[in-house]
Amino acid sequence: GELCTDDRDQVRADTYLGSRQLRLWVCGFLIASGLVTIISPCFISNLRVYEWSPEIGDYVFENGYVHRDRSEGWATTRYGHFGLSGTSAAASTSGRTIMIWGDSFIEAQSVNDTQKLDHQITEMLSGQGLSGITAVAVGHSYWSVADYYFNIPSYERLFHPICHFIVLAEHGLADIC
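Rules and cut-offs
Residues numbered from 1 in each chain as written. Predicted model: local features only at pLDDT ≥ 70, side-chain atom pairs only at ≥ 80, totals over all residues. Heavy atoms only, no water. Patch = residues over 30% accessible without salt bridge, like charges linked within 9 Å, V, L, I, M, F, W, Y side chains within 5 Å. Areas by Shrake-Rupley, 256 points an atom, 1.4 Å probe, with all protein chains shown as cover. Salt bridge = Lys/Arg side-chain N within 4 Å of Asp/Glu carboxyl O. Helix = DSSP H or I, 4+ residues; strand = E, 2+ residues; numbered from the N terminus. Buried < 20%, exposed > 50% of the residue type's maximum accessible area, 1.4 Å probe, protein only. Arc of directions from axis to C-beta.

A. View of a nonpolar patch on the surface. A contiguous nonpolar patch, built from I31, L35, I38, I39, F43, I44 and W74 and spanning about 750 Å² of accessible area, is present on the exposed surface. Relative to the assigned elements, F43 resides in the loop between α1 (5-39) and β1 (50-53).

B. Layout of helix α4 (residues 117-127). By the burial criterion, the buried members of α4 are D118, H119, T122 and L125. Looking straight down α4, one finds that the buried residues subtend no more than 130° of arc, so they occupy a single side. Positive phi shows up at G129, right after α4, with a value of about 85°.

C. Up close: unusual backbone geometry. We note that F82 has phi near 65°; this positive angle belongs to a residue other than glycine. The residue F82 is located in the loop between β4 (75-78) and α2 (86-90) in this model. Residue F82 is classed as buried on the basis of its relative accessible area of 18%. If you check the backbone angles, A108 has positive phi at about 50° while not being a glycine. Assignment of secondary structure puts A108 in the loop between α3 (104-107) and α4. Residue A108 is classed as buried on the basis of its relative accessible area, which comes to 11%.

Shape is all these values report; function is a separate question.
Here's what the structure looks like:
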């Protein structure tokens, strides 16, 4: 029944190796958890922050809110007054504007502000000598034709647009039916 010296040494060695492996596993877990905690915010889209807009009569993105989209294009969108993004956010309510309506294709959170449709149209018009006209994009994910119909009057009171363009993409065509 008694352990000889060699057996005791073996038990001590096995215990030491087992506790060493456990310490390595725990340290590895803690280091990996720390790295995930530090790095993961770079790979996650941030939460959307809304505020009530009495001018629009609806909840819009908060003025100054910056949205980082990490699902498709790794883009950053900056929001201004009335929940408008990019060039639209900088548009003056007293200037000449073109309103572009749509769903997520117009909202375009997966591309940076300079790549959005409103910015591209404003730049194109400016390049043709029409620098006094600003394109304003009003689009939100999951909007339908009914949303455009009920929101157009609010934005018309603010911007007095020259014209409206309604972009029907993918699901928008189904809305018409």
